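Summary of structural features
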Amino acid sequence: MPPQLRIPGPTPCPDDVLKAMGRQMIDHRGKEFGEVMYRVTTSLKEMFQTKGDVFVLTTSGTGAMEASIVNTLSPGDKVLAVSIGSFGDRYADIAKAYGADVQCLNFEWGHQADPDAVRRVLKDVPAIKAVLFTHNETSTGVTNDLQSLAKVAREYDKLVLVDAISSLGSINLETDAWGCDVVCTGSQKGWMVPPGLAMVSVSQKAWQAYEKAKMPRYYFDFGKARKYLEKKQTPWTPAVSQFFALQVGLDDLAKEGMPNVMARHKRISKHARDSAKAIGLKLFPASETYASATVTAINGPDGVNVVKLLQVLRDEYKVVLAGGQGKLEGKIFRIGHLGLVTEKDMDEVAAALRSALPSVGLKAL
Ligand SMILES: *Cc1c(COP(=O)(O)O)cnc(C)c1O
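Residues numbered from 1 in each chain as written. Predicted model: local features only at pLDDT ≥ 70, side-chain atom pairs only at ≥ 80, totals over all residues. Heavy atoms only, no water.

The strand order across the open sheet formed by three strands is β11-β14-β13, and the pairing between neighbours is antiparallel. Here the strands that pair on one side only, and so sit at the sheet edges, are β11 (295-299) and β13 (322-323). Pairing of β13 with strand β14 (residues 332-336) involves two bridges; the strand directions are antiparallel. Following the sheet pairing, G323 is matched in β14 by F333. (Pairing = 2+ DSSP bridges. Helix = DSSP H or I, 4+ residues; strand = E, 2+ residues; numbered from the N terminus.)

Scanning all chains against the criterion turns up zero disulfides. C104 carries a free sulfur, and the closest cysteine sulfur to it, the one in C184, is 17 Å from it. (Disulfide = S-S within 2.5 Å.)

Considering all chains together, one arrives at 21 salt bridges under this definition. In this structure, E35 engages K31 in a salt bridge whose closest nitrogen and oxygen atoms are separated by 3.4 Å. In this pair, E35 and K31 both sit in helix α2 (residues 31-48), four residues apart, roughly one turn of the helix. The residue D221 makes a salt bridge to R217 at a minimum N-O spacing of 4.0 Å. The class for R217 is partly exposed, based on a relative accessible area of 21%. Counted as one network, the salt bridges with shared partners bring together K270, R273, D274, K277 and E288. (Salt bridge = Lys/Arg side-chain N within 4 Å of Asp/Glu carboxyl O. Buried < 20%, exposed > 50% of the residue type's maximum accessible area, 1.4 Å probe, protein only.)

As a further point, take the site of the ligand. As a structural note, the neighbourhood of the ligand is formed by 13 residues, with S60, T62, T138, D163 and K189 the closest of them. In this structure, an oxygen atom belonging to the ligand sits 2.8 Å away from a main-chain N or O atom of G61. For the ligand, the accessible surface in isolation is 380 Å², of which the surrounding protein chains cover 89%. Counting residues per element, the ones that place at least two in the shell around the ligand are α3 (61-70) and α4 (86-97). (Near = heavy atom within 4 Å. Polar contact = N/O pair within 3.5 Å; in protein donor to acceptor, adjacent residues only side chain to side chain. Areas by Shrake-Rupley, 256 points an atom, 1.4 Å probe, with all protein chains shown as cover.)

Once that is clear, we can look at the side chain of S86. Of note, S86 is situated in helix α4. Taking relative accessible area as the criterion, S86 reaches 17% and is therefore assigned buried.

The next point concerns the packing of aromatic side chains. If you walk through the whole model with that rule in mind, you get eight aromatic pairs. Pairing W207 with F222 gives two aromatic rings, centres 6.4 Å apart and planes at 70°, and the pair type is edge-to-face. Pair noted here: W207 is in helix α8 (residues 204-212) and F222 is in helix α9 (residues 222-229), with a separation of 15 residues, a long-range link. As far as the burial class goes, W207 and F222 line up, both buried. Relative to F220, the ring of Y219 lies with its centre 5.2 Å away and its plane at 80°, an arrangement referred to as edge-to-face. For F220, a relative accessible area of 14% translates into the label buried. Aromatic ring contacts, followed pair by pair, group F55, W207, Y210 and F222 into a single cluster. Above the plane of the ring of Y218 lies K224, whose end atom (NZ or CZ) is 4.1 Å from the centre. Between K327 and the ring centre of W109, over which it is positioned, the NZ or CZ distance is 4.3 Å. (Phe/Tyr/Trp six-rings, centres within 6.5 Å; stacked < 30°, edge-to-face > 60°. Lys NZ or Arg CZ within 6 Å of the ring centre and 35° of its normal.)

The following block contains the structure:
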């Protein structure tokens, strides 16, 4: 039996996806690959809920975040980075690295971003061109109210750039209806595909920004991606095996039906939280109303060495959970429940936790 891999990516892959990865190579400039690309792109547009462009980049999710910045902005542009955790901070760092003038609006970890606070900044600082949001903050297990946040940014006519890496395909995100200009996701999260591909949508407004954007870019140039997509190709050699896998993963999701997929994530996340609470554990998010449907963050109980707990779970119970990131290292642990996941998987995680906790210093709950 393989271990229970319950981290928020890479996630377990279905057998049909793994089998697709083993296929012989084909010409990435040939007709057969073109058909794969066409099908994958068409299916992704549905899942992104967009009529805009969608590109599949050979990179991890962070590459898509970088692409969203360098294709829409120029050095010196004012950018508002709204952060509720370590991935929000990363988005700000990428923009800074390319010379954007980044203003940070940080919220306490474990909380949602407040749309009114965003509105106050946008009102005060008219020069801001773009706002960076994280839809689902994987480091804290909190999902932002992206619809409300994007609405505020649109009121002030800002570009809306979104890290939806651990939400899209698992949690509802209406790219066009909510007014999101660039939305990023990655294959190894809810898509049930190995790491290596990032998918990104580009709106009309983002293309207008692209025409003026002067940040240096080459590999991640959306213009080149658009030109090659017309020929059903990618500008550079793509991760062909991952494309095969993505096609199968998308077919699997479509077969289940996206409303069912999203309902399953909601249901299973509630089951994960209820199981944790039944053991006596405390959730990290300040309110369960915005606890994530794809990752549950749990406080390390008093007296328990979280690093040791994760080690015991891995070595003795074959259950792999994630630790805390950044300032939460050693303080929390996280259960990934996105992509290929059932209630039974969460029951196994809960049983392992219940059994392992006393051996790593848990007194009584
Ligand atoms: C996983 C993740 C990333 C980083 O993606 P990589 O594929 O590791 O580059 C960024 N943001 C969020 C919210 C994530 O969950």
